[in-house]
Amino acid sequence: MDIVWQLRQQSARVDAPESKLARFILDNLHVSAQATMESLATQAGVSPEVLRRFAASAGCRDLDDFLHQVRKAGQQQEGAFIEVIRQRQPSLSQQENRVALAILNDMAFAASATIEQLAGRAEVSAATITRFARSVGCEDIRDLRMRLARASSVPATRGEQGIPQLEAIHQALAQQWSLAEEATWERAALALRKARSVLLIGAAGQTTPLAAEVHQRLTTAGLALAWIQDDNLLRMTLSRLQPDDLLLILAPDTVNSSVLSAVHHAHIQKAAVIAICPTILDLASQADIWLPLPENPSARSYGILCALDRLEAALTP
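A short tour of the structure in this document, coming up. (Residues numbered from 1 in each chain as written. Predicted model: local features only at pLDDT ≥ 70, side-chain atom pairs only at ≥ 80, totals over all residues. Heavy atoms only, no water.)

Quick look at the side chain of Gln89
Of note, Gln89 is situated in the loop between α6 (63–88) and α7 (94–105). Setting aside its immediate chain neighbours within four residues, Gln89 contacts Asn97, Ala100, Leu101, Leu104, His170 and Ala174. (Helix = DSSP H or I, 4+ residues; strand = E, 2+ residues; numbered from the N terminus. Contact = heavy atoms within 4.5 Å.)

See below:
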């Protein structure tokens, strides 16, 4: 039985007491999910008899069955609020994404925190918390806290429980997405398009196939790109480096001395350096343009593909 559909059907009955009851439950489904028969009738401003008639017309066995269906619908609605936050992450600003990550990482804290505490945890301003609340459909911080508290109290069924490994990857990619604004990817794409030649460096060992994917897809996108895999060839190439050349460094884990030397040489020659790496590497601050990878090492292979997708999208006219 779809009790929400039944409520919507009844709410269309203008001026009928059952319509008044249906509209109240739909507008306050989270409250109704915790109500008793007496409190629900009182809050809706109808008699218990109207509630009984409504339950029968909705196809419920009795009032207990009706209240069970309403509670179930309310739990489903509030449990879905977390999914709303996850689904809207790609469209949020970088600062609002920090709030989303802070909430998803510790929902119990977010449900009870003041606006200042949540802002401190997310390292954003209090105004950003207010903007985030409105972005996910809440009226204000109080409404956000209330919905988070209700969502965190909804017991997950066996079929609804997340797979821990996938949840960890999802969080890592969401964090990666929030670390660089769209303008950064567009600036990287513009630098790549303007470069006389692009030298792709790094990502040896197990990540070599991913570097090959980067090379193939960016070459297909029309870039004059050379993948340098040998240190001797790298030194020879750097000796002819010009200011309108560009180094594209893919460093998911570590950076060896040859790569650091290449960055230093590029700076001397005034050639641009784009680094695709996690923030823990010093390379992130040494590059002219930094494109982030996840901090979680187990998610970095996925992060390389995610970064490549964003870069490719920015390169597309």
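A few points about helix α15 (residues 231–238)
Of the positions making up α15, those classed as buried are Leu234, Thr237 and Leu238. For α15, the buried positions fall inside an angular range of 95° around the axis, keeping them on one side. Next to the buried residues of α15 lie β1 (197–202), β2 (225–228), β3 (245–250) and α16 (257–268). Measuring from the side-chain oxygen of the N-cap residue of α15 to the backbone nitrogen of Asn232 gives 2.9 Å; that N-cap residue is Asp230. (Buried < 20%, exposed > 50% of the residue type's maximum accessible area, 1.4 Å probe, protein only. Arc of directions from axis to C-beta. Polar contact = N/O pair within 3.5 Å; in protein donor to acceptor, adjacent residues only side chain to side chain.)

Some details on the packing of α7 against helix α10 (residues 126–135)
Two elements in contact, α7 and α10, have axes separated by 9 Å at closest approach and are oriented at 75°. With respect to their mutual orientation, α7 and α10 come out roughly perpendicular. Each of Gln95, Glu96, Val99, Ala100 and Ile103 in α7 lies in contact with α10, whose residues at this interface are Thr128, Ile129, Arg131, Phe132 and Ser135. (Axes fitted to C-alpha atoms, helices over the stretch in contact; angles between N-to-C directions. Parallel < 35°, antiparallel > 145°, perpendicular 65-115°, else oblique.)

Observations concerning the packing of aromatic side chains
In the structure shown here, the tally under the stated rule is 0 aromatic pairs. A cation over an aromatic ring shows up here: Arg121 above the ring of Phe109, its NZ or CZ 3.8 Å from the ring centre. Positioned above the aromatic ring of Trp177 is the side chain of Arg310, whose terminal nitrogen or guanidinium carbon lies 3.9 Å from the ring centre. (Phe/Tyr/Trp six-rings, centres within 6.5 Å; stacked < 30°, edge-to-face > 60°. Lys NZ or Arg CZ within 6 Å of the ring centre and 35° of its normal.)

Quick look at the pairing of β1
Counting buried positions along β1 gives 5 out of 6 residues, so the element sits mostly inside the fold. Pairing analysis gives 4 bridges linking β1 to β2, with the strands arranged parallel. Bridge assignment links Leu200 to a residue of β2, and that residue is Trp227. (Pairing = 2+ DSSP bridges.)

Describing the nonpolar core
Ranked by size, the top nonpolar core spans 29 residues in total, and within it Leu192, Leu218, Leu248, Ile274, Leu291 and Leu311 carry the most contacts. When contributions to this core are tallied by element, the ones reaching two or more residues are α13 (182–194), β1, α14 (208–220), β2, β3, β4 (272–277), β5 (289–292) and α18 (300–315). In terms of residue count, α18 provides more of this core than any other element does, 6 residues in total. Judged by nonpolar contacts, the second largest core, of 25 residues, contains Phe81, Ala102, Ala111 and Phe132. (Core = buried A, V, L, I, M, F, W, Y, C linked by side-chain atoms within 4.5 Å.)

Looking at the side chain of Gln94
When you line up the elements, Gln94 lands in helix α7. A distance of 3.1 Å separates the side chain of Gln94 from the backbone oxygen of Leu179, its partner in a polar contact. Among residues more than four places away in sequence, those in contact with Gln94 are Ser178, Leu179, Ala180 and Glu181.

With respect to unusual backbone geometry
The residue Glu123 is not glycine, and still its phi comes out positive at about 60°. When you line up the elements, Glu123 lands in the loop between α9 (115–122) and α10. The exposure class assigned to Glu123 is exposed, which follows from its relative accessible area of 62%. Even without being a glycine, Lys270 presents a positive backbone phi close to 65°.

Details of the sheet that holds β3
Within a beta sheet, neighbouring strands are joined by backbone hydrogen bonds and run either parallel or antiparallel to one another. Ordered by their spatial adjacency, 5 strands build an open sheet running β2-β1-β3-β4-β5, and the pairing between neighbours is parallel. Either end of the sheet is taken by a strand with one partner, and the two such strands are β2 and β5. Strand-to-strand twist in this sheet, taken as the mean axis angle between neighbours without regard to direction, amounts to 20°. As defined by bridge partners, β1 adjoins β3 across 6 bridges and the pair is classed as parallel. Within the sheet, the bridge partner assigned to Leu200 lies in β3 and is Leu248. Sheet strands touched by α13: β1, β3, β4 and β5. Its angle to β5, the strand with the most contacts, is close to 125°. The strands touched by α15 are β1, β2 and β3; relative to β2, the strand with the most contacts, the crossing angle is about 135°.

Side note on the packing of helix α12 (residues 164–179) against α18
Orientation of α12 relative to α18, taken along the N-to-C sense of each, is 40°, at an axis distance of 10 Å. The pairing of α12 with α18 is recorded here as oblique in orientation. As α12 packs across α18, the resulting crossing turns out to be right-handed. Residues Ile169, Leu173, Gln176 and Trp177 of α12 form the contact with α18, whose own contacting residues are Tyr302, Gly303, Cys306, Ala307 and Arg310. Considered class by class, the residues forming the contact of α12 with α18 number 6 nonpolar, 2 polar and 1 charged. (Left-handed = near helix turned anticlockwise from the far one by under 90°. Nonpolar A, V, L, I, M, F, W, Y, C, P; charged D, E, K, R; others polar.)

The values reported here are purely geometric and, on their own, carry no functional implication.
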